Amino acid sequence: MHKRELEIEKLRQQLIHVAQEYGMQSENTIKLSCKLDVLINEYENNKVEKEV
């Protein structure tokens, strides 16, 4: 598994835990969700660039 994929999976698991603990609307959940979005977007952009 690619290093970025591992980062994404780790953050995804953390997000699930925080959301279950504090709720979907908590500040921590929203911050982690945004961070995960950025990582996924960076990963996908790098993947597309390598294909071109």
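Residues numbered from 1 in each chain as written. Predicted model: local features only at pLDDT ≥ 70, side-chain atom pairs only at ≥ 80, totals over all residues. Heavy atoms only, no water.

(A) Summary view of helix H1 (residues 3-22). Helix length check: H1 (20 residues) gives 28 Å between terminal C-alpha atoms against 28 Å at 1.5 Å per residue, within 8%. Buried within H1 are the following residues: Ile-8, Leu-11, Leu-15, Val-18 and Ala-19. Buried residues of H1 fall within an arc of 95° about the axis and therefore sit on the same side. Of the exposed residues in H1, those oriented more than 90 degrees away from the buried face are Lys-3, Lys-10, Gln-20 and Glu-21. On the buried face of H1, the contacting elements are helix H2 (27-51). The positive-phi residue at the C-terminal boundary of H1 is Gly-23, with phi of around 100°. (Helix = DSSP H or I, 4+ residues; strand = E, 2+ residues; numbered from the N terminus. Expected span 1.5 Å × (residues − 1). Buried < 20%, exposed > 50% of the residue type's maximum accessible area, 1.4 Å probe, protein only. Arc of directions from axis to C-beta. Contact = heavy atoms within 4.5 Å.)

(B) Spotlight on H2. The terminal C-alpha atoms of H2, which comprises 25 residues, lie 36 Å apart, in line with the 36 Å expected from a rise of 1.5 Å per residue. Buried within H2 are the following residues: Thr-29, Leu-32, Leu-36, Leu-39 and Tyr-43. Tucked into the core, H2 has its buried residues touching H1.

(C) Representation of the nonpolar core within the structure. Formed by Ile-8, Leu-11, Leu-15, Val-18, Leu-32, Leu-36, Leu-39 and Tyr-43, the largest nonpolar core amounts to eight residues. Elements supplying a minimum of two residues to this core: H1 and H2. If near-sequence neighbours (up to four positions away) are discounted, Ile-8 is found in contact with Leu-36, Leu-39, Ile-40 and Tyr-43. (Core = buried A, V, L, I, M, F, W, Y, C linked by side-chain atoms within 4.5 Å.)

(D) Highlighting the pattern of salt bridges. Throughout the structure, instances matching the rule amount to five salt bridges. Here Glu-42 makes a salt bridge to Arg-4, at a shortest N to O gap of 2.5 Å. Highlighted residues: Glu-42 in helix H2 and Arg-4 in helix H1, separated in sequence by 38 residues. Taking relative accessible area as the criterion, Glu-42 reaches 36% and is therefore assigned partly exposed. Look at Arg-4 and you get partly exposed, because its relative accessible area is 22%. Among the salt bridges present, the one from Glu-9 reaches Arg-12, with a minimum N-O distance of 3.3 Å. Separated by three residues within a single helix, Glu-9 and Arg-12 lie in helix H1, roughly one turn from each other. Bridged by salt links that share partners, the residues Arg-4, Glu-7 and Glu-42 form one connected network. (Salt bridge = Lys/Arg side-chain N within 4 Å of Asp/Glu carboxyl O.)

Nothing here speaks to function; it is all geometry.
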